[in-house]
Amino acid sequence: MATILVIDDERGIREGLSRALTAHGHTARAVGTLTEARAALTDDLDCVLLDLRLPDGDGMTFLRSLRDAGEEVPVIVATAYGDSARTIEAMRIGAFDYVTKPFDLPALMEAVGRAVRQRSLAQTTPRASEEPAAAPGTLIGTSAAMLAVWKLIGRASATEAPVLITGETGTGKELVARAVHEHSRRARGPFIAVNLAALPPSLLESELFGHEKGAFTGAAQRRPGRMELAEGGTLFLDEIGDLDLPLQTRLLRVLQEQGYERVGGSETLRADVRIIAATHKPVRPGQPGATLREDLYYRLAVLELELPPLRARRSDIPLLVQHALSSTRARAVSEEAMALLQRYAWPGNVRELLHTVQRAAAVSAAEVIDAPDLPAALHDTSEAGGEGAAGAYEDMPLREALAALEKHLIVRALEKAGGNRAEAARILGIARPQLYVKLEEHGLRGGG
């Protein structure tokens, strides 16, 4: 049961909404003016239904004053005026939802349920951490797998040898390269990064080694390459597996002789540069599809550092979520949402996790990211740990497994239906009253 404040100047609407809220188990307080609304604001309120046009003022101004005062009670704007400008402004200010008259009562009660659940989560979910967030571009993790990475970074930082970083897309290979550079004796020198896969082969040679004036059509003046710009520091060659064979030969010479020439030039330049390369492709000799020359591989992989995928260090996910939240208005995730985040296989690794959390915070008006705020893929048990749908339940007693599967299917149906319970019931092939019973059984009455 929740306490809902209804603010509307039409007596019939106040009475109708109060009856509907009471029928759903809530306590309703109804007022007709902003003056009465201010007097009715108490700490036990769980949600406010706010009309925009009131006898003594504008509801939008009232909403803005609540947010400016730090009042976090969810506010659902319920009005006859559904134009785009008002809707955008209300959501920008911080409305939980915006519905128009005449009301779709089930949809309105659904919105109230979500708001009440969000209020409860905001009051009971602890903040992710009071510690300062890690700076952008920082490696994060305390798992055994990341401890091994820290050790390798330390060893690599103590030498001048080339480093080859391998790992799946999104594991943080450039962050590792920067960490090696920043802890090395070259830390005061430049760190120059080149994504070899992002440049056409016709431009790569000039991009890496520079060119002389007149070296080719359009070369109006001498231009230094990335190798020259990295002098005294570190050159990071990302996606080394995409480098074509002629340039592999030139790079091998740099590693062997520490010298190179600009395109169109004859002067040999000395390369006082440490090279760190990275790839997600197979490059080790003997691996199927290996793309590097064998001699170049061994020159680059004097120190080889393999980054673990996120699914191999799931204990780091709460720390990464905290880091992702630091750049959003959300302050935490619910237990249900965190369980989904920790169960998912994350084929896109850390990059995908950070994007997912930030997107969920952006599309939700809530302080706490809840399970329905997350993409449908995270609710699909077939994605969990790369296992089949049964894998998530195989170690449970039959009764618990069936209940968990039923809850999962209901959540998925609600997502597909955009929160519309009638549509969700149709998807599930059950009557709407039966769905309401199931929602109560699984603690999803608030829309979770």
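Conventions we followed
Residues numbered from 1 in each chain as written. Predicted model: local features only at pLDDT ≥ 70, side-chain atom pairs only at ≥ 80, totals over all residues. Heavy atoms only, no water. Helix = DSSP H or I, 4+ residues; strand = E, 2+ residues; numbered from the N terminus. Rg over C-alpha atoms; globule rule 2.2 N^0.38 Å. Buried < 20%, exposed > 50% of the residue type's maximum accessible area, 1.4 Å probe, protein only. Contact = heavy atoms within 4.5 Å. Areas by Shrake-Rupley, 256 points an atom, 1.4 Å probe, with all protein chains shown as cover. Arc of directions from axis to C-beta. Axes fitted to C-alpha atoms, helices over the stretch in contact; angles between N-to-C directions. Parallel < 35°, antiparallel > 145°, perpendicular 65-115°, else oblique. Left-handed = near helix turned anticlockwise from the far one by under 90°. Salt bridge = Lys/Arg side-chain N within 4 Å of Asp/Glu carboxyl O. Pairing = 2+ DSSP bridges. Polar contact = N/O pair within 3.5 Å; in protein donor to acceptor, adjacent residues only side chain to side chain. pLDDT = per-residue confidence, 0-100. Core = buried A, V, L, I, M, F, W, Y, C linked by side-chain atoms within 4.5 Å.

A count of helices and strands for the protein gives 18 helices and 16 strands. Over its C-alpha trace the protein gives a radius of gyration of 29 Å, far above what one expects of a compact globule, namely 22 Å for 448 residues. When the backbone C-alpha atoms are referred to their principal axes, the protein occupies close to 90 × 55 × 40 Å. Counting the 448 residues in the protein, one finds 47% classified as buried. Across the protein, the fraction of contacts at a sequence separation of at least 24, relative to all contacts at a separation of at least 6, is 68%. Carbon and sulfur atoms provide 52% of the accessible area of the protein, an area that totals close to 21500 Å².

It is worth spelling out helix α18 (residues 432-441) at this point. Of the positions making up α18, those classed as buried are Leu435, Lys438 and Leu439. Along the axis of α18, the buried positions cluster into a sector of 105°, meaning they face one direction only. Turned more than 90 degrees from where α18 packs its buried face, Pro433 and Glu441 sit exposed.

This paragraph deals with the packing of helix α8 (residues 201-209) against helix α10 (residues 245-257). One way to put it is that α8 packs onto α10 with a least axis distance of 11 Å and a crossing angle of 15°. As summarised for this structure, α8 and α10 are arranged roughly parallel, according to the angle between their axes. Seen from above, α8 lies across α10 with left-handed handedness. Contacts from Leu204, Glu205 and Phe209 in α8 reach Leu247, Arg250, Leu251 and Val254 in α10.

Throughout the structure, instances matching the rule amount to 30 salt bridges. The partner of Glu15 in a salt bridge is Arg11, and the shortest N-O contact between them spans 2.9 Å. Of this pair, Glu15 and Arg11 both sit in helix α1 (residues 11-23), four residues apart, which is roughly one turn of the helix. Looking at Glu15, the relative accessible area reads 36%, which means it is partly exposed. The class of Arg11 is exposed, set by a relative accessible area of 58%. Salt-bridge contacts for Glu160 lead to Arg186; the nearest nitrogen and oxygen are separated by 2.8 Å. Residue Glu160 is found in the loop between α6 (144-157) and β8 (163-166), and its partner Arg186 is found in the loop between α7 (173-182) and β9 (191-195); the two are separated by 26 residues along the sequence.

A cis geometry characterises the amide bond from Lys101 onward to Pro102, with omega recorded as -5°. Among the secondary structure elements, Pro102 is positioned in the loop between β7 (97-100) and α5 (105-124). In this model, Glu239 sits at a positive phi of 60°, which is unusual for a non-glycine residue. Mapped onto the secondary structure, Glu239 falls in the loop between β10 (234-238) and α10. A residue is classified by how much of its surface remains accessible, and Glu239, at 12% relative accessible area, is buried.

Once that is clear, we can look at the pairing of β8. With burial as the criterion, each face of β8 is covered, one bearing Val163 and Ile165 and the other bearing Leu164 and Thr166. Alignment of β8 against strand β13 (residues 274-279), held across four bridges, turns out to be parallel. Bridging across to β13, Val163 finds its partner in Ile276. Pairing analysis gives four bridges linking β8 to strand β14 (residues 303-306), with the strands arranged parallel. Residue pairing in the sheet places Thr166 in a bridge with Glu306 of β14.

So, on to the environment of Asp295. Residue placement: Asp295 occurs in helix α11 (residues 294-300). The spacing of Asp295 and Thr166 is 129 residues in sequence and 17 Å in space, taken between C-alpha atoms. Of the polar contacts made by the side chain of Asp295, one reaches the side chain of Arg293; its length is 2.5 Å.

Spatial ordering of the open sheet is given by β2-β1-β3-β6-β7, a layout of five strands whose pairing is parallel. The strands lining the two open edges of the sheet, one partner per strand, are β2 (27-31) and β7. This sheet shows a mean twist of 20° between the axes of neighbouring strands, independent of strand direction. Across the face of the sheet, helix α4 (residues 84-93) comes into contact with β6 (75-79) and β7 while running at roughly 150° to β7.

The buried fraction of β6 is high, at five of five residues. Here β6 shows no split at all, with Val75, Val77 and Thr79 on one side and Ile76 and Ala78 on the other all buried. Looking at chain direction, strand β3 (residues 47-50) and β6 are connected through three bridges and run parallel. Residue Leu49 lies in a different strand from β6, and its bridge partner there is Ile76. In this sheet, β7 lies alongside β6 in parallel orientation, the contact comprising four bridges. In the sheet register, Val77 faces β7, and the bridge partner there is Tyr98.

Time to look at the confidence of the model for the protein. Of the residues in the protein, 90% reach a pLDDT of 70 or more, and the chain-wide mean stands at 84. In the predicted structure, residues 383-390 sits below a pLDDT of 50 and forms 16 contacts with residues beyond four places in sequence or in another chain.

A separate point is the side chain of Thr356. Structurally, Thr356 is set in helix α14 (residues 349-363). Among residues more than four places away in sequence, those in contact with Thr356 are Trp346, Leu374, Pro375 and Leu378.

This brings us to the nonpolar core. By size, the foremost hydrophobic cluster in this structure holds 30 residues, and its most contacted members are Met227, Leu237, Ile240, Leu251 and Ile275. Contributing elements (two or more residues each) for this core: β9, α8, β10, α10, β13 and α11. Broken down by element, this core gets its largest block of residues, five residues, from α10. If near-sequence neighbours (up to four positions away) are discounted, Leu237 is found in contact with Val194, Leu196, Leu208, Leu251, Ile275, Ile276, Ala277 and Ala278. Counting 25 residues, the second-largest nonpolar core is a separate cluster that includes Leu320, Val333, Leu353 and Ile369.

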